[in-house]
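Single-letter residue listing:
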Amino acid sequence: MFGISGANGIGLGYALWLNRETEEPDETGVSSFNPTTEIARLQQALESSRQQIKTLFIDATSASLVEIEVFQAHISMLEDPEFLAAIQEQISQNGMGATKAVRMVIEQYRQLFTNMPDPYFQARAADIEDIGSRVIANLQGKKPLNLKTLPPETILLADEFMPSEIAAFDRQNIKGLVARKGASTSHASIMARAMGIPAVVGCVDLTTCTIANGEPLIINGTTGEVRIKSTTTEWAKASQLKEHFRLRQQQFQAEVDQPAVTPDGHRLILNANLAHPSEVNEVLAAGADGIGLFRTEFLYLGRSAAPTEAEQFGAYQTVVTGLAGKPVVLRTMDVGGDKRADYLGIPDEENPFLGYRALRICLQQPELFRIQLRAIIRASACGPIKIMFPMVTSLEEIRQAKTIIQQVTRELTADGIDFDPNIPVGIMVEIPAAAILAGNLAAEVDFFSIGTNDLVQYTLAVDRLNPKLAHLYQMNHPAVLQLIVQVIQKAHQYGKTVSVCGEMASQPSGALLLLGMGIDQLSVSPAVLPEIKMLVRKTPWLAAQQIAKDVMEFRTVGEIEKYLKEYLDSHWA
């Protein structure tokens with residue numbers, strides 16, 4: 001059966017289902033209900049929960065800064081006045097016991113995150129459940145689940161793993177994780193990657209497949225495959241693959257701090273994508289040259305009003321300072337399409353990906369845009385940054401956006417606020433119109449970043465979120481590749497750099513092809529960055545250029561993908 005890759009690696013071991021205690025019903029009866037007593041019980045449960053998480057801090061410090069950041073967020077929620085007030089309101093005004101009130105408020109928060117279109121925020125629903133389960137367990141006097149002692153060679157199975165459970169694992173005996181729910185962006189998956197535990201999440205077949213405790217399992221966290229009832233031969237092959245993976249990871253890590261330079265001396269800048277400030281340490285550990293795409297829209301989603309300048313500045317300052325002199329490319333708000341924020345007045349649209357979104361919102365709501373630009377430009381005093389506009393289709397849009405930047409810099413100067421007066425300004429090239437007009441646009445900006453996810457979608461008229469059209473969403477389509485080559489050539493004619501920050505850059509075949517096309521920079525997920533770096537360091541640039549030349553001669557996607565696969569199989573796999 002198959003799921004989603006949560007954490008790369010091969011795991012061989014024996015199944016063990018995670019056995020959580022069932023929550024008891026609210027023990028407070030109508031006749032004995034006392035709001036003051038219930039609020040006191042709630043306060044005690046919250047304090048016990050905080051202390052338990054602080055204990056996890058101590059255990060996690062030597063393992064991963066990711067864990068510490070996750071639980072700092074958990075503590076922040078436990079101390080959030082709005083969270084506490086919502087529960088107390090259910091107790092004092094609606095006559096609920098503390099347990100029932102916590103359940104109701106946690107479910108409201110969970111639904112809020114689950115219904116968000118952004119996968120990063122959808123994945124935070126597990127954190128909400130984790131916090132709620134801990135508080136309820138303390139209300140009911142239950143001890144935390146003991147995961148410190150597991151049988152040797154354990155593959156742990158669950159409906160979904162909570163971050164606190166991952167932190168409490170017996171790391172010596174745990175060999176893999178399989179969950180029916182979850183995402184690669186969840187904190188549980190991020191923590192599993194940090195610990196080097198192979199994980200498969202989103203494995204829906206786990207519901208219908210009967211797996212007994214002690215049954216041998218093979219999991220491939222890279223491909224998302226879970227193999228049951230394996231033969232002796234399959235087990236032996238998987239063991240060899242596991243050892244091969246271990247050696248490859250050692251090779252990647254051995255050169256993680258080395259520059260991405262080909263054997264014949266061509267330098268490629270290899271950056272990381274960032275969705276949230278909590279991922280900074282993951283970026284640094286991957287050996288990134290900087291951040292090629294900081295998605296700032298996380299600040300705008302899941303709330304009833306736009307973030308303040310101070311709130312945005314704090315987030316940007318954290319990232320820029322954390323990168324310690326490495327450049328950060330901040331993409332201005334890319335809300336709309338599949339990322340809704342109702343307070344922005346985004347209407348219901350038949351084609352939201354073609355509608356009111358990203359830079360279009362910013363230019364029609366200049367005060368909203370001005371506040372974000374003030375925060376971004378102020379952050380330039382903390383380290384090197386670049387500003388990047390999404391969803392650009394014309395020269396007029398660029399000029400209008402740059403005019404607002406000029407207005408903001410004059411305001412900051414008048415206010416005596418320090419900033420870098422020479423911040424590079426670039427655009428995302430993700431719409432065919434921008435790719436076709438690359439020559440005109442290159443004269444107006446400092447750099448391009450090609451967003452291949454949307455470029456493929458708009459070029460091929462394929463909704464990338466529609467599973468029925470997945471077979472038509474083809475990154476190696478000749479039309480897409482021709483647009484990419486054209487953008488690179490036009491940018492270089494004007495002496496401007498070009499990056500690719502879409503999914504294409506995160507795949508070895510795509511990175512190889514882009515290297516040969518002459519791309520200046522790639523920006524990829526931190527999880528795959530070490531592998532892409534090794535690929536660059538092992539591939540002569542002349543060979544990559546020949547590969548790109550050969551590929552551009554092919555006329556079909558099938559021919560292109562067959563050629564790239566054969567090359568990688570013989571030179572890289």
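Scroll up a little and you will see the structure.
Residues numbered from 1 in each chain as written. Predicted model: local features only at pLDDT ≥ 70, side-chain atom pairs only at ≥ 80, totals over all residues. Heavy atoms only, no water.

Draft legend 1. Main features of the side chain of Thr-539. Within the secondary structure, Thr-539 sits in the loop between helix 21 (529–538) and helix 22 (541–551). A distance of 2.7 Å separates a polar atom in the side chain of Thr-539 from the backbone oxygen of Leu-535. In this structure Thr-539 touches Thr-262, Pro-263, Leu-512, Ala-544 and Tyr-567, once residues within four positions along its chain are discounted. (Helix = DSSP H or I, 4+ residues; strand = E, 2+ residues; numbered from the N terminus. Polar contact = N/O pair within 3.5 Å; in protein donor to acceptor, adjacent residues only side chain to side chain. Contact = heavy atoms within 4.5 Å.)

Draft legend 2. Representation of the environment of Phe-313 within the structure. Within the secondary structure, Phe-313 is located in helix 11 (residues 309–322). Between the C-alpha atoms of Phe-313 and Ile-371, which are 58 residues apart in sequence, the distance is 9.8 Å. In contact with Phe-313, not counting residues within four places along its chain, are Ala-375, Arg-378 and Ala-379.

Draft legend 3. Quick look at the sheet that holds strand 1 (residues 4–7). With mixed pairing, the seven strands of this open sheet are ordered in space as 1-5-4-3-2-6-7. The two strands at the open ends of the sheet, each matched to only one other strand, are strand 1 and strand 7 (225–228). Ignoring which end each strand starts from, the neighbouring axes of this sheet average 30° apart. As paired strands, strand 3 (residues 154–158) and strand 4 (residues 174–179) are joined by five bridges and run parallel to one another. (Pairing = 2+ DSSP bridges. Axes fitted to C-alpha atoms, helices over the stretch in contact; angles between N-to-C directions.)

Draft legend 4. Representation of the packing of aromatic side chains within the structure. All told, the structure shown has five aromatic pairs when counted by the stated rule. Centroid distance Phe-294 to Tyr-316: 6.0 Å. Interplanar angle 90°. Geometry classified as edge-to-face. With Phe-294 in strand 9 (residues 291–295) and Tyr-316 in helix 11, this residue pair connects regions lying 22 residues apart in the sequence. For Phe-294, a relative accessible area of 0% corresponds to the buried category. Consider the rings of Phe-369 and Phe-389, whose centres lie 6.0 Å apart with planes at 65°: the pair is edge-to-face. Of this pair, Phe-369 sits in helix 13 (residues 366–379) while Phe-389 sits in strand 11 (residues 385–389); the two residues are 20 residues apart in sequence, bridging distant segments of the chain. (Phe/Tyr/Trp six-rings, centres within 6.5 Å; stacked < 30°, edge-to-face > 60°. Buried < 20%, exposed > 50% of the residue type's maximum accessible area, 1.4 Å probe, protein only.)

Purely geometric stuff here, so don't read any function into it on its own.
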